[in-house]
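# A look at the structure
One letter stands for each residue in the lines below.
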Amino acid sequence: MTKSSKGPKPTSTADRQPISRAASSAKSKGGKAATKAKPSAKTKTTSKVAASKAKKATPTKVKKVVNRSSKVAPKAAPKASPKVAPAKSAPVKAATKAPVAKVAAKADEKLPVFLGLSPKYSSAASARVHVIPVPYEHTTSYKQGTALGPRAILEASQEVELFDDELWIEPFKIGVHTAEPVDMARVQSGESKPFQTLYETVKPLVDNDKFPLVIGGEHSLTLGAVRACAERYKDLSILQVDAHCDLRPAYEGDPYSHASISYRLYESLPNPLITQVGIRNVSWQEARWMETETPKVNIFWARMQDKWNFNEIVNTLSDNVYLTIDVDGLDSSIMPSTGTPEPGGMNWYQLMELIKHVCVRKNVVGADIVELSPIAGLHAPDFLVAKLAYKLIGYRFALELGVTKKYV
Ligand SMILES: [Mn+2]
């Protein structure tokens, strides 16, 4: 995304909504985080679409000011810049504000469209991929903030380069729709239809060969999406990237805790089969359960990562796979923005290889990326997840977009 994103971007720009475009150019120059950079300059410049955009990214905008007139005093427009050429106008320090605070302030504002795609590529009817924001957070046990994950991911996605330098295609052309966020009350113990709202959102997509990509939110929400996928695919297996086994029957008395998600998933599958990658945290109760029950759970320990064979990992799965990525599976050096970070995790390219292999050799029917908990002032992890989501889409639809298997 560095310079390349702003510079050339011939067709790309046209495929993105004007707003995001402005935003990206502004940022690129300022080098700031996505959201902040858009303040005054652009807002004014934009015209009709202004309404929508204004909401998404510009808390300081004139409009916003109206809402929270008190606090967000009209910060002076960086500069009385031109019209639709915000690209040049350096967004000054506007971008320097604390991301988190900003995110929180915008909690009631409409979320940006993933990648800032234009309607041509993001309409619900034609898009193969549906990105589903789920700001669910009710059982986080350590650092909180994962409810802010979806917004941070969508905002950072405005900066992701649309051309994939590995696949040599523009994956977004498969069509990527950004759904309305799914808000759910805390799932209570004994619930017969846990995460039902998410289930009802995912169900019709899976039944119509759309690809649901859920962005969380805490890990427990995976159950809602998997329930829907497992109804159509009876052999459904789970590929889980995570630092934690999450195989506790319950955690702190809560069966729907993020720390029990894998146990719940295992329970819910017609033919239980889970393969976990990146694990480096397991309790003795979980270890004992695995030793005594010998469940169909394959663990690829993080400490053995230098010896992993990705074909071997993928071979443990059934034909139809649901991919769940807890970002703490990545090493905490590149992914510090998560509730329960663990050292010794996966690096970026290992994760790319894993996703690539499973997407080429299996039918990945749905996926989620969870547990991003944005840190104020640190936008790299947010961008990592946004790019991860786009790479996942690229790998998943590479063959349909004309890429040959030889790239693997
Ligand atoms: Mn985890």
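Details of the structure are given in the entry above.
This section reports on the structure supplied with the text. In this text the structure is predicted, and so the values were computed from the model without any measurement. (Residues numbered from 1 in each chain as written. Predicted model: local features only at pLDDT ≥ 70, side-chain atom pairs only at ≥ 80, totals over all residues.)

Below, the discussion takes up the overall build of the chain. If you tally the helices and strands in the chain, you get 16 helices and eight strands. Put simply, the chain has 408 residues, and 54% of those count as buried. In the chain, the share of contacts with a sequence separation of at least 24, taken over all contacts with a separation of at least 6, comes to 76%. (Helix = DSSP H or I, 4+ residues; strand = E, 2+ residues; numbered from the N terminus. Buried ≥ 20, exposed ≤ 12 C-beta atoms within 10 Å, placed from the backbone. Contact = placed C-beta atoms within 7 Å.)

Looking now at the environment of Glu137. Looking at the element boundaries, Glu137 is found in the loop between strand S1 (129-134) and helix H9 (149-157). Classification of Glu137 by C-beta neighbours within 10 Å gives buried; the count is 22. Sequence separation between Glu137 and Met184 is 47 residues, and the spatial gap between their C-alpha atoms is 9.1 Å. For Glu137, the contacting residues outside a window of four places in its chain are Gln144, Thr146, Ala147, Gly217 and Glu218.

Our next topic: helix H15 (residues 348-361). End to end, H15 covers 20 Å across 14 residues, agreeing with the expected 20 Å (1.5 Å per residue, within 8%). By the burial criterion, the buried members of H15 are Gln350, Leu351, Leu354, Ile355, Lys356, His357, Val358 and Cys359. Elements in contact with the buried residues of H15: strand S4 (237-241), strand S5 (274-279), helix H14 (310-315), strand S7 (320-326), strand S8 (363-370) and helix H16 (380-397). (Expected span 1.5 Å × (residues − 1).)

Turning our eyes to something else, we now look at the packing of H9 against H16. H16 packs onto H9 with a crossing angle of 75 degrees between their chain directions and a minimal axis gap of 8 Å. Judged on the interaxial angle alone, H16 and H9 are roughly perpendicular. Taken together, the residues of H16 that come into contact with H9 (itself represented by Ala152, Ile153, Ala156 and Ser157) are Asp382, Phe383, Val385, Ala386 and Ala389. Of the residues assigned to the contact of H9 with H16, the class counts are seven nonpolar, one polar and one charged. (Axes fitted to C-alpha atoms, helices over the stretch in contact; angles between N-to-C directions. Parallel < 35°, antiparallel > 145°, perpendicular 65-115°, else oblique. Nonpolar A, V, L, I, M, F, W, Y, C, P; charged D, E, K, R; others polar.)

With six of six residues buried, S1 is to be regarded as a mostly interior element. Alternating positions in S1 separate into two faces, Val129, Val131 and Pro133 on one and His130, Ile132 and Val134 on the other, with burial throughout. Sheet analysis places S1 next to strand S2 (residues 176-178), joined by three bridges and oriented parallel. Bridge assignment links Val131 to a residue of S2, and that residue is Thr178. After leaving S1, the chain enters H9 and then returns to the sheet as S2, a path that is right-handed. (Pairing = 2+ DSSP bridges. Right-handed = clockwise from strand over helix to strand, strands pointing away.)

This paragraph deals with the sheet that holds strand S6 (residues 297-301). Across the sheet, which stays open at both edges, the eight strands sit in the order S2-S1-S3-S8-S7-S4-S5-S6 with parallel pairing between neighbours. Edge positions in the sheet fall to S2 and S6, since each of these pairs with one other strand and no more. On average, each strand axis in the sheet is tilted by 15 degrees relative to the strand beside it, whichever way the strands run. Relative to S7, S4 runs parallel, the two being bridged by five bridges. Pairing of Gln240 across the sheet is with Thr324, part of S7. H9 rests against S1, S2 and strand S3 (211-216) of the sheet, and its axis sits at about 115 degrees to S3.

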